[in-house]
Amino acid sequence: MEESFLAFASSFDPPAVDRATDRYAPWALLGTKAYFVAQDNDTTSEAVTSTGRTVKVTFCLADPPGISYFCVHSPDFQREDFLMEPQVLSSSKNLVLLRVAFTVGPQRNSSHTEFFVYKAGRGNPPSLTPIPNTPAITINSPHPNVCVMPFDDDDGESFLLADLCMTRPRSTYKLHVFSSKTGGWTTTPLQLQIPPGRVFQEDLPSPYIDKVIDLGGGVVGWVDLWRGIVRCNVFDDNPVLSFIPIPILDPNPKRQGDPRPVRDVACYNGFIRFIELDIRVKNVPVYKKTTRKMTKDLDTVDIIYDSELLFHDDDGGNPVEHYLADDGWKLRSCYRHASWDYWCKWHIVDIDEVLVDNPNHYVLLPHLWDAQAGRSTLRNMYSAYPVLGMDGDDVVYLMSKVEYHDKNAWMVGVHLRKKTVEVVVPVSSERARLFKQSVITCEFSEYLNAAPSTRAKEVAKGAPNGAQNCHLSSDSSITPNNLIAAANVAIGKHS
């Protein structure tokens, strides 16, 4: 109870955000839990809830890898009117899906959950749209697997919501879809298409989804970071569920615990990228060293035994116990196109290979200096929660701290190909304590600008599309090596 209260209290104290220019960045790292602070800016939008009260949403956006946040506020609501902090569930292009749980709904003495879609419009004020008649299974789920997807035929004005619910362990689902064009929900029962061969139940997805990603072309990926990705084109009249498995983490073959501290999956230009932070530990022996007693020991003891006078062990003898200590980490990554049936190795980086050579990073964080190594390294920091960005660069961002329980944290960007620290940004907040800051990547920030950025235009042109078309071609001269070489260009991997 105490932890829950402290977590709620921290939601009234948002961190500072920093932007280099007035222009919003092409993408953002957004905290998934709201703050209860009354802030208004050019991102603010409002909607009317089912109880007739107004709710406002404001985003405070930092340049990545700084962590952005959002606020939910209104003079119509008090703190006790919220069952928990409102959440961001997913984002695609200019859209953000939010979930708000109220203590009282349209019917008295009953809690109520509502969903809202925030829409950033290029040169137009943002909007906030309430979603009506949400299915009970979606409302009541403690971990809803809902995502928002824009229609491609009307410049992002219309959208779909899709919620994939497992109705029978590992294989049977119901897909609930809401269309803003019709204003209604449809439900379709689906069976997971299991790959041929002998497949164990424990290798198939669990009911608990860690994140939802846009795989492009109307295809959504529901990600179980321990097991794999359930994918479905939610715009199809006859949708089909298929499965992409993810490699098993060697120290955890039973796939227990929360995978988010060590794994992430993202999709960029049609290519799925997977990153794993393999945190190493070592057994450290503890020796009980005995030495002979002396007359000065009479100051603190009443009895001295003969054995304490005649025998001693300066070498420490055998260890009496062991404890586990941090021994660095290794980043392993791989990638694939959604149409492939294999993963390709991307980059493997050990902590001792990472070069920390920017003097500004050392000034910002003196703890990077490793006296034993005689240079700055990342070994003096605890790192977790790897995050892949949305710009296609070979950079993974790690939330890192000097002290595990400290609220002071940094997002450290490690360039996988160069094996260097590219950026160190402070992201201190109460939510960073115990690594409880949950974030998602999103690009709606780009749509808040009046005109597209140069980089956004280049991405939209899709230079990597040739790699995708190459793979889908029926030309017999295309070989797996050709495809991998083209894919390396598409995801930004260079030799």
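Just so it is clear, the structure is predicted and the values come from calculations on it, not from any experiment.

> In this structure, what is going on with the overall build of the protein? I would like to understand it.
Broken down by element type, the protein carries 8 helices and 27 strands. Each of the 495 residues in the protein was classed as buried or not, and the buried ones make up 48%. Long-range pairs, those at least 24 residues apart, make up 56% of the contacts in the protein between residues at least 6 apart in sequence. Of the roughly 24900 Å² that the protein leaves accessible, carbon and sulfur atoms contribute 51%.

> Would you mind showing me how to read the state of the cysteines here?
Put plainly, a disulfide is one covalent bond tying together the sulfur atoms of two cysteines. Inspection of the entire model under this criterion finds 0 disulfides. This cysteine, cysteine 147, is not joined by any disulfide, and cysteine 232 carries the nearest cysteine sulfur, 9.5 Å off. The exposure class of cysteine 147 is buried, given its relative accessible area of 3%.

> What should I look at first to understand the pattern of salt bridges in this one?
Opposite charge on two side chains permits them to pair, given that their charged atoms come into close proximity. All told, the structure shown has 17 salt bridges when counted by the stated rule. With a shortest N-O distance of 3.7 Å, aspartate 327 and arginine 379 are connected by a salt bridge. Of this pair, aspartate 327 sits in strand 19 (residues 319-337) while arginine 379 sits in the loop between strand 22 (375-376) and strand 23 (382-388); the two residues are 52 residues apart in sequence, bridging distant segments of the chain. A cluster of three or more residues bridged by salt bridges with shared partners is formed by Arg23, Arg122 and Glu446.

> Would you explain the nonpolar core in this entry?
The nonpolar side chains of soluble globular proteins are, as a tendency, buried together. Counting residues in hydrophobic clusters, the biggest one holds 28 residues, and the most contacted among them are Trp329, Leu331, Leu378 and Val414. At the level of elements, strand 18 (271-287), strand 19, strand 20 (344-350), strand 24 (395-401), strand 25 (410-415) and strand 26 (420-426) are the ones that each hand at least two residues to this core. Of all hydrophobic cores here, the second largest spans 27 residues; its members include Ala28, Phe77, Val100 and Phe444.

> Before we go on, may I ask you to explain the sheet that holds strand 3 (residues 54-60) in this structure?
Strand pairing within a sheet occurs via backbone hydrogen bonds; the two strands may be parallel or antiparallel. Pairing is mixed across the open sheet formed by 5 strands, whose spatial order is 2-3-4-1-27. Where the open sheet ends on each side, the last strands, each with one partner, are strand 2 (45-48) and strand 27 (439-442). Adjacent strand axes in the sheet meet at a mean angle of 30 degrees when their direction is disregarded. Pairing of strand 1 (residues 28-31) with strand 27, which is carried by 4 bridges, proceeds in the antiparallel orientation. From the neighbouring strand, leucine 30 faces strand 27, where its bridge partner is isoleucine 440.

> I would appreciate a short explanation of the packing of aromatic side chains in the present structure.
The way to describe two aromatic rings as a pair is by their centre distance and the angle between their planes. A full pass over the atoms with the stated rule returns 20 aromatic pairs. Each ring, one from phenylalanine 77 and one from phenylalanine 82, has its centre 5.5 Å from the other, and the planes form 45 degrees; the classification is tilted. This pair shows no difference in class: phenylalanine 77 is buried, exactly as phenylalanine 82 is. Judged by centre distance (6.0 Å) and plane angle (80 degrees), the ring pair of tyrosine 118 and phenylalanine 444 falls under edge-to-face.

> Before we go on, may I ask you to explain the sheet that holds strand 26 in this structure?
A sheet is described by the order of its strands in space; here 4 strands give the open sequence 23-24-25-26, paired in antiparallel fashion. A single partner strand is all that each edge strand has here, and the edge strands are strand 23 and strand 26. Looking at each pair of strands side by side, their axes are set apart by 25 degrees on average, direction ignored. Two strands pair when backbone bridges link them, and strand 24 and strand 25 are joined in this way by 6 bridges, in the antiparallel orientation. Residue pairing in the sheet places serine 400 in a bridge with tryptophan 410 of strand 25.

> Which parts of the structure should I look at to understand the side chain of threonine 420?
One can find threonine 420 in strand 26. Note on threonine 420: relative accessible area 12%, which makes it buried. For threonine 420, the contacting residues outside a window of four places in its chain are Val354, Leu355, Gly413, Val414 and His415.

> In this structure, what is going on with the pairing of strand 4 (residues 67-73)? I would like to understand it.
Successive residues of a regular strand alternate their side chains across the two faces of the sheet. Most of strand 4 is tucked away, with 7 of its 7 residues classed as buried. Across 2 bridges, the pairing between strand 1 and strand 4 is parallel. Paired with leucine 30 across the strands is serine 68, a residue of strand 4. With 5 bridges joining them, strand 3 and strand 4 adopt antiparallel strand pairing.

> How should a nonpolar patch on the surface be read in this particular structure?
Residues Tyr362, Val363 and Trp369 make up a contiguous nonpolar surface patch of roughly 330 Å² in combined accessible area. Its location among the elements puts tryptophan 369 in strand 21 (residues 369-370).

> Hey, could you run me through unusual backbone geometry in this one?
With the exception of glycine, the majority of residues adopt a negative phi angle, and the majority of peptide bonds are in the trans configuration. The amide bond that connects proline 64 to the next residue, proline 65, takes the cis arrangement and shows omega of 10 degrees. Along the chain, proline 65 falls in the loop between strand 3 and strand 4. The phi dihedral of tyrosine 385 falls on the positive side, at around 55 degrees, and the residue is not glycine. Take tyrosine 385: it is sitting in strand 23. The phi torsion at lysine 419 lies on the positive side, around 60 degrees, for a residue other than glycine. Position of lysine 419 among the secondary structure elements: in the loop between strand 25 and strand 26. What makes lysine 419 partly exposed here is its relative accessible area of 26%.

> Can you walk me through the environment of serine 376 in this structure?
Positionally, serine 376 belongs in strand 22. Each C-alpha atom, one on serine 376 and one on tyrosine 362, is 7.4 Å from the other, the two residues being 14 residues apart in sequence.

> What is the right way to look at the environment of threonine 113 in this model?
Within the element layout of this structure, threonine 113 appears in strand 7 (residues 112-121). For threonine 113, a relative accessible area of 9% corresponds to the buried category. Residues threonine 113 and threonine 134 lie 21 residues apart in sequence; the distance between their C-alpha atoms is 9.1 Å.

> What is the right way to look at the pairing of strand 23 in this model?
The element strand 23 is largely enclosed, with a buried count of 5 among its 7 residues. In the sheet, strand 23 pairs with strand 24 via 5 bridges, with the strands oriented antiparallel. Residue serine 383 lies in a different strand from strand 24, and its bridge partner there is serine 400. Taking the residues that link successive antiparallel strands as the turn, the strand 23-strand 24 hairpin has 6 residues, and the phi of glycine 392 there is positive, at about 80 degrees.

Procedures and definitions
- Residues numbered from 1 in each chain as written.
- Predicted model: local features only at pLDDT ≥ 70, side-chain atom pairs only at ≥ 80, totals over all residues.
- Heavy atoms only, no water.
- Helix = DSSP H or I, 4+ residues; strand = E, 2+ residues; numbered from the N terminus.
- Buried < 20%, exposed > 50% of the residue type's maximum accessible area, 1.4 Å probe, protein only.
- Contact = heavy atoms within 4.5 Å.
- Areas by Shrake-Rupley, 256 points an atom, 1.4 Å probe, with all protein chains shown as cover.
- Disulfide = S-S within 2.5 Å.
- Salt bridge = Lys/Arg side-chain N within 4 Å of Asp/Glu carboxyl O.
- Core = buried A, V, L, I, M, F, W, Y, C linked by side-chain atoms within 4.5 Å.
- Pairing = 2+ DSSP bridges.
- Axes fitted to C-alpha atoms, helices over the stretch in contact; angles between N-to-C directions.
- Phe/Tyr/Trp six-rings, centres within 6.5 Å; stacked < 30°, edge-to-face > 60°.
- Patch = residues over 30% accessible without salt bridge, like charges linked within 9 Å, V, L, I, M, F, W, Y side chains within 5 Å.

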